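Listed below are the residues making up each chain.
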Amino acid sequence: MENEFADAPDRLEGCRDGPVPAPGSQDLGRDPRAGFGRRRFLALLSIGAGGVAALLAGIPVLGAFFFSEPDEGAWRPVAAVDDLPVGSTAKVEFVDPEPLPWAGASGRSAAWLRRESETEFVAFSLYCSHTGCPVRWEEGAELFMCPCHGGAFYRDGTVASGPPPVPLERHPVRIRAGMVEVRTIGVPIPGA
């Protein structure tokens, strides 16, 4: 039986433009004048696209780092002075101090406003000081109740029972041109 591959080097010699490179040599048969190949182009394109994506993702971080100013809050009118009888507590809504254009309903916040006397109002944060759950006012018990972990606060915002470590956050209140205004704050972060 005759070996059919015996003349293979002779047949392959005419298929190449030059000598066959020695094993381990750096020349892999590429012509340096050929320019970019498809693989090299796609590799550079992928690296460039990744760099652009990283740059776009970093813009908000850099903007917050270099251009953010601590927000002192804003005064928001929440009710007319005559709308709240002395001794009553009502939930009042206002626009968040830092609403984003796309915030929608989450750009609104609320507080509990109590009228202590003819000229004195007190506003409490809507959020529990334990984990930030919204509290509700129970008129009959005169307590703020947190549904998450059973926390309770007296009418002055101090802790009555449960796990909350500190009283409810208070909002500064002022009366201006017949309106009760509340200085807004962001949602308090427990433990901060």
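The model shown is predicted, which means the values in this text are computed figures rather than measured ones.

Digging into unusual backbone geometry
Glycine aside, residues mostly have negative phi angles, and peptide bonds mostly take the trans form. The phi dihedral of glutamate 142 falls on the positive side, at around 55°, and the residue is not glycine. Assessed through its relative accessible area of 37%, glutamate 142 is described here as partly exposed. Although it is not a glycine, alanine 177 adopts a positive phi angle of roughly 55°. Tracing the chain through its elements places alanine 177 in the loop between β10 (173-176) and β11 (179-183). By relative accessible area, which is 80% here, alanine 177 ends up exposed.

Points about the state of the cysteines
Evaluation of the coordinates by the stated rule reveals one disulfide. Between the sulfur atoms of cysteine 133 and its disulfide partner cysteine 148 the distance amounts to 2.0 Å. Its S-S torsion of approximately -110° makes the covalent link between cysteine 133 and cysteine 148 left-handed. Placement of cysteine 133 in the loop between β4 (121-125) and β5 (136-138) and of cysteine 148 in the loop between β6 (143-145) and β7 (152-153) is noted, with a sequence separation of 15 residues between them. With no disulfide partner, cysteine 128 has as its closest neighbouring cysteine sulfur the one in cysteine 146, 3.8 Å distant. Its relative accessible area of 4% is what places cysteine 146 among the buried residues.

Considering the sheet that holds β7
In spatial order, the strands read β5-β6-β7-β8; together these four strands make up an open sheet with antiparallel pairing. The open sheet is flanked by β5 and β8 (159-161), the only strands paired with a single partner. Strand direction decides the pairing type here: β7 and β8, joined by two bridges, are antiparallel. By the bridge assignment for β8, phenylalanine 153 is matched with valine 159.

Let's talk about the pattern of salt bridges
Scanning all chains against the criterion turns up six salt bridges. As a salt-bridge pair, arginine 136 and glutamate 138 come within 2.6 Å of each other at their nearest N and O atoms. A salt bridge links glutamate 181 to arginine 174; the shortest N-O distance between them is 2.7 Å. Glutamate 181 gets classed as buried once you look at its relative accessible area, which sits at 11%. By relative accessible area, arginine 174 is classed as partly exposed at 27%. A single salt-bridge network, built from bridges that share partners, covers Arg114, Glu116, Glu142 and Arg155.

Notes on the pairing of β10
Two faces make up the sheet, and in a regular strand the side chains alternate between them. Pairing of β10 with β11, which is carried by four bridges, proceeds in the antiparallel orientation. Its bridge partner lying in β11, arginine 174 is registered against glutamate 181. Here β10 hands over to β11 after two residues, with alanine 177 in that stretch at a positive phi of 55°.

Reading the values: the criteria
- Residues numbered from 1 in each chain as written.
- Predicted model: local features only at pLDDT ≥ 70, side-chain atom pairs only at ≥ 80, totals over all residues.
- Heavy atoms only, no water.
- Buried < 20%, exposed > 50% of the residue type's maximum accessible area, 1.4 Å probe, protein only.
- Helix = DSSP H or I, 4+ residues; strand = E, 2+ residues; numbered from the N terminus.
- Disulfide = S-S within 2.5 Å.
- Pairing = 2+ DSSP bridges.
- Salt bridge = Lys/Arg side-chain N within 4 Å of Asp/Glu carboxyl O.

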